[in-house]
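Topology and contacts: notes
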Amino acid sequence: MVDVYSPLSGSMLPLADVQDPVLSAGIVGWGCAVAPVEQRWHEVCAPVAGKLLKVHPHAFIVFTSAGIGILVHLGIDTIGLKGEGFDVLKNEGDHVEVGDTVVRWDSSVAIERGLSTSVSVIACDLPKDLIDLQVHNREEIARGDHLYSVITPGDSS
């Protein structure tokens, strides 16, 4: 089992409520989202330990030792910001621990352009039945709090 932690503080959102049809439909994978608390800069951290497989200003993937990729996607349509408002602190190939800051994000840049700032945290390319989305029914979540667990083949349940 792989435990996934919140990359920033905010309010929990079901993935279905994310304003992107690809993410909300689970096409990329399953998980949930966090609507960040209102503040200018967010220290967005690794939700799991592993190797940074991909790093873009608006998104990154951490590949765990269990072979699971966890995508952290900052906002919706933020790729169009072309890096504005993002300060990338880690590189592809770097090893990260849970809680290591990967990106500093000024979400006010996205807000000024009318973009959603919800941050999706998705276990990539896994069937929905392998993800345990028991999130303790919390509306508010702090950076580093448990979000969900991914049940991997061979886990005893």
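Please refer to the structure higher up on the page.
The rules behind these values
- Residues numbered from 1 in each chain as written.
- Predicted model: local features only at pLDDT ≥ 70, side-chain atom pairs only at ≥ 80, totals over all residues.
- Heavy atoms only, no water.
- Helix = DSSP H or I, 4+ residues; strand = E, 2+ residues; numbered from the N terminus.
- Rg over C-alpha atoms; globule rule 2.2 N^0.38 Å.
- Buried < 20%, exposed > 50% of the residue type's maximum accessible area, 1.4 Å probe, protein only.
- Lys, Arg positive; Asp, Glu negative; His and termini not counted.
- Charge placed at Lys NZ, Arg CZ, Asp CG, Glu CD.
- Contact = heavy atoms within 4.5 Å.
- Phe/Tyr/Trp six-rings, centres within 6.5 Å; stacked < 30°, edge-to-face > 60°.
- Lys NZ or Arg CZ within 6 Å of the ring centre and 35° of its normal.
- Pairing = 2+ DSSP bridges.
- Axes fitted to C-alpha atoms, helices over the stretch in contact; angles between N-to-C directions.

1. Comments concerning the overall build of the protein
- A count of helices and strands for the protein gives 2 helices and 14 strands.
- Over its C-alpha atoms the protein spans a radius of gyration of 14 Å, differing by no more than 12% from the 15 Å that the globule rule assigns to 157 residues.
- Along the first, second and third principal axes, the C-alpha set of the protein runs to 45 × 30 × 25 Å.
- For the protein, with 157 residues in total, the buried portion stands at 49%.
- The positive charge centre, built from 10 side chains, and the negative charge centre, built from 21, are 6 Å apart in the protein.

2. Structural notes on the environment of R143
- Tracing the chain through its elements places R143 in the loop between β13 (140-141) and β14 (146-150).
- Residues R143 and L71, 72 residues apart in the sequence, show an inter-C-alpha distance of 16 Å.
- When near neighbours in sequence (up to four residues on either side) are disregarded, R143 contacts S6, P7, L8, S9, E43, V44, C45, G99 and T101.

3. Details of the side chain of T117
- By secondary structure assignment, the location of T117 is in the loop between α2 (107-112) and β11 (119-124).
- By relative accessible area, T117 is classed as buried at 13%.
- With residues up to four places along the chain from it excluded, the contact list for T117 reads V34, P36, G75, W105, S107, A110 and I111.

4. Brief notes about the packing of aromatic side chains
- With the rule as written, the count across this model stands at 1 aromatic pair.
- On the numbers, 5.9 Å between centres and 5° between planes, the contact of F86 with W105 is stacked. Placement of the pair is F86 in strand β8 (residues 86-88) and W105 in strand β10 (residues 101-106), with a sequence separation of 19 residues.
- On the basis of relative accessibility, which here comes to 10%, the residue F86 falls in the buried class.
- The lysine or arginine in question, R104, covers the ring of W41, its NZ or CZ lying 4.6 Å from the ring centre.

5. Considerations on the sheet that holds strand β4 (residues 41-45)
- The 3 strands are arranged β4-β10-β8 in an open sheet whose pairing can be described as antiparallel. Each end of this open sheet is capped by a strand with a single partner; those strands are β4 and β8. Going across the sheet, the axis of each strand differs from the next one's by a mean of 20°, ignoring polarity.
- In this structure, β4 lies alongside β10, joined through 5 bridges in antiparallel fashion. Looking across to β10, one finds that W41 is bridged to D106.

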